[in-house]
Amino acid sequence: MTWRTIAKKDARAVLDSRTFRWFLAIVAIAFVFGGYMLPLSVEAPTTSDLPSSMTDAVTLLLPLLGIMLGYKAIVGERTSGRLNLLLSLPHSRRDVVVGKLVGRGGLLAAAVSVGIVLGALLVYYPFGTLEPLVLASYLLVTVCFGLAFVGIALAISTLTTSEHLATAGAFGTFFVLVVVWPQLQPLFSVALERVGLASGGLPEWALFVHGATPGLLYERVVEGFYGGASDGPYLGPDAAWYLGEWVALALLIAWAIVPITLGYLRFQSTDL
Amino acid sequence: MAAIEAREVSKRYGTLTALDRVDLTVEEGEIFGFLGPNGAGKSTMINVFLDFVRPNTGQVEVFGHDCQRESVAARECMGVLPEGYDVYDRLTGRQHVLFAMESKNAGGEPMEILERVGIEDAADRKAGGYSKGMAQRLVLGMALVGEPDLLILDEPTTGLDPRGARAMREIIREENERGTTIFFSSHILEQVEAVCDRVGILHDGELAAIDTIDGLRQSVGGGTKLLITVDEIERVEVGRIEAIAGVESAWIESEPSQIVVTCSNDAKMDVLVGLDDVGVDVLNFETEEPSLEDLFVEYTGGGE
């Protein structure tokens, strides 16, 4: 089990890149900025107001950072031959994948943590309220959301031996999951009505499917747990149980685990 | 226990057969040269040792560890200079060696390794700025970390200048004296001839020959070539030389003017005595052993 060694070296190499330092800083600063702005619009804010106010920024920035950190991590080493050097040492392929995930995911987690803690302090001081447990759980959920994208990008990176394909795949995935998919709900409505599966809004199973991207799940988790939302098609009192925030949380965790696991299994079984 | 024990290793890529039922045993403490033209499958074989490539059939064990099922344990015995590697641009030479030490869970002083491979002056420079030869030395240094029982060197002299190649040979000998088994692939014959105890010749994915260098020489005709300069070459009758027992063939070359005789090692004196008997003065003679290159050409079909 030498993934620690790989994680450490990998994190050091990422931090040596100015682009990545900027990216990590921007994510942290976004939370600080959010924490600074919140008391200007809300009287007597509490730290549980922070998550909802940050959702738009988080669902754009973290996927981008996660994809950036992950998509070249393995294919880049493979095409350059650094993977040959790495695996000529006694590391297993699992050590490589876990090391990369921990090293790069760790940097993302660090940036998110610094940002949230500093942002929360700005909410708390001078007129706000601090709720440490809420804050801690919010931090974990947000890190999990970011890790899902690091994992997705790493999985793409393990699948191909072409950097071009990995780039196209990673940013294509970002574009579809983050930019396009959330806008498609009206289109689905129309399509399902045409084929007679829906009338006036989506049926619950279709809502479930449409709401299953990491971004929409994360929004639901934040709204359900921190925003106190109890209406709308997903979180309202009449909604099906599987549209609620707990199932959303479970699915979000699955996004962080499943793609990278599949990527690892494929990587494990191929020739380099 | 053998250092490397390969049985029936085959690897196909589509219709291309990279390795065809290769059996190979390398004993502990040997310097084994793995010879073959580019594209013969040498790197594929080494990549099977390292579990970069999974064979279609057969298996390889390194010091008793299956290279596929116990890949990490197998690689823990090895120091490797792989083919087609790249170094980490952003890490210094010293950090590379430290990384190898951490990876192999080995102690030691990075500077000692860097001095051994002769790049101590560049220890704190980022490896992205290293020349090909320096990178090659650095990776050799990483291979030496942790005193491996088996050194696997894939075309180790590529990118090295003659001085670097000599230093490489010295390190190979030093390591071998320490008891390390060395497996060394090359398409450059002199490199192999200079250091190896035994060689295997791989051609089109098949092991065409495996023997000591002397053994290989003997198996190819066992022939010695005699180049004889005489005073009056007109008086020599080729037919009479060819009649001597042990002579394969004889002919006269004009430029330079000399007699060429191929014969067994024992017949050399008989040829010279025979010339003397017919009253021809032998001014000078040389013998030519078949070079490894000749053997190589013989086994690999003349580099078609």
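Residues numbered from 1 in each chain as written. Chains lettered and ligands numbered in written order. Predicted model: local features only at pLDDT ≥ 70, side-chain atom pairs only at ≥ 80, totals over all residues. Heavy atoms only, no water.

Asks: Where do I start with the overall build of chain B in this structure?
Replies: A count of helices and strands for chain B gives 11 helices and 14 strands. In chain B, buried positions account for 50% of the 304 residues. Nonlocal contacts in chain B, meaning residues at least 24 apart in sequence, comprise 67% of its contacts between residues at least 6 apart. Split by element, the accessible area of chain B, about 13800 Å² in all, is 44% carbon and sulfur. (Helix = DSSP H or I, 4+ residues; strand = E, 2+ residues; numbered from the N terminus. Buried < 20%, exposed > 50% of the residue type's maximum accessible area, 1.4 Å probe, protein only. Contact = heavy atoms within 4.5 Å. Areas by Shrake-Rupley, 256 points an atom, 1.4 Å probe, with all protein chains shown as cover.)

Asks: I keep staring at the pairing of strand β1 (residues 4-13) of chain B and nothing clicks. Help me out?
Replies: For a regular strand, side-chain orientation follows a simple rule: the groups alternate between the two sheet faces. All names here are of chain B. Relative to strand β2 (residues 16-26), β1 runs antiparallel, the two sharing seven bridges. Within β2, the position partnered with A6 by the bridge is L24. Connecting the antiparallel pair β1 and β2 is a turn made up of two residues, with G14 showing a positive phi of about 60°. Judged from the five bridges that link them, β1 and strand β4 (residues 57-62) form a sheet pairing that is antiparallel. Bridging across to β4, A6 finds its partner in V60. (Pairing = 2+ DSSP bridges.)

Asks: It is not clear to me how the sheet that holds β2 of chain B should be interpreted in this structure. Could you clarify?
Replies: Think of a sheet as strands paired side by side through backbone hydrogen bonds, with each pair either parallel or antiparallel. Spatially, four strands are ordered β2-β1-β4-β5 (chain B) in an open sheet, and the strand pairing comes out antiparallel. In this open sheet, the two edge strands, each paired with only one partner strand, are β2 and β5 (65-66) of chain B.

Asks: For this particular structure, what's the right way to read the packing of helix α7 (residues 132-159) of chain A against helix α8 (residues 163-180) of chain A?
Replies: Between two packed helices, the angle of one axis relative to the other and the distance separating the axes together describe the packing. All names here are of chain A. Packing of α7 against α8 leaves a shortest axis separation of 9 Å and a crossing angle of 145°. Once α7 is placed against α8, the crossing between them reads as right-handed. The segment α7 lies against α8, with F149, I152 and I156 engaging A166, G169, A170, T173, L177 and V178. Its residues placed into classes, the contact of α7 with α8 shows seven nonpolar, two polar and no charged. (Axes fitted to C-alpha atoms, helices over the stretch in contact; angles between N-to-C directions. Left-handed = near helix turned anticlockwise from the far one by under 90°. Nonpolar A, V, L, I, M, F, W, Y, C, P; charged D, E, K, R; others polar.)

Asks: Got a minute to help me understand the nonpolar core in this structure?
Replies: Here is a general trend for soluble globular proteins: nonpolar side chains tend to be buried in one another's company. Membership of the largest hydrophobic core comes to 141 residues, with the highest contact counts inside it found for I4 and F183 of chain B. With 14 residues, α7 of chain A is the single largest residue contributor to this core. Filtering out sequence-adjacent residues up to four positions away, I4 of chain B remains in contact with L24, T25, V26, F49, V60, E61, V62, L150, I152 and F183 of chain B. (Core = buried A, V, L, I, M, F, W, Y, C linked by side-chain atoms within 4.5 Å.)

Asks: Hey, could you run me through the pairing of strand β13 (residues 258-263) of chain B in this one?
Replies: Residues and elements named next belong to chain B. When you tally the buried positions in β13, you get six out of six residues, the bulk of the element. Here β13 shows two buried faces, one formed by Q258, V260 and T262 and the other by I259, V261 and C263. Of the strand pairs in this sheet, strand β11 (residues 224-230) and β13 are connected by five bridges, and their pairing is antiparallel. The partner of L226 across the bridge, within β13, is V261. Looking at chain direction, strand β12 (residues 247-253) and β13 are connected through six bridges and run antiparallel. Note on β13: the bridge partner recorded for V247 is C263. Adjacent in sequence and paired antiparallel, β12 and β13 are bridged by four residues.

Asks: Please clarify how the environment of I252 of chain B should be interpreted in this entry.
Replies: Residues and elements named next belong to chain B. Structurally, I252 can be placed in strand β12. C-alpha separation for the pair I252 and I233, spaced 19 residues apart in sequence, amounts to 8.4 Å. Not counting residues within four places of it along the chain, the set of residues in contact with I252 comprises I233, V236, V238, Q258 and I259.

Asks: Explanation requested: the interface of chain B and chain A in the structure shown.
Replies: For an interface, size is often stated in terms of accessible area lost upon the parts coming together. The interface of chain B with chain A comprises 28 residues on the first partner and 28 residues on the second. Where chain B meets chain A, there are five salt bridges. R82 of chain A is the partner of D86 of chain B in a salt bridge, and the nearest nitrogen-oxygen pair spans 3.9 Å. Only β1, α2 (71-76), α3 (93-104) and α5 (132-144) of chain B provide two or more residues apiece to the side of chain B that touches chain A. The element contributing the most residues to the side of chain B that touches chain A is α3 of chain B, with six residues. (Salt bridge = Lys/Arg side-chain N within 4 Å of Asp/Glu carboxyl O.)

Asks: Please clarify how the sheet that holds strand β3 (residues 31-35) of chain B should be interpreted in this entry.
Replies: Residue and element names in this part refer to chain B. On the basis of which strands lie adjacent, the open sheet formed by six strands has the order β6-β7-β8-β3-β9-β10 and mixed pairing. The two strands at the open ends of the sheet, each matched to only one other strand, are β6 (78-81) and β10 (206-212). Neighbour to neighbour, the strand axes of the sheet diverge by 15° on average, direction disregarded. Direction of pairing for β3 relative to strand β9 (residues 198-203): parallel, over a ladder of four bridges. Bridge pairing in β9 links F32 to R198.

Distances and angles like these do not, on their own, reveal function.
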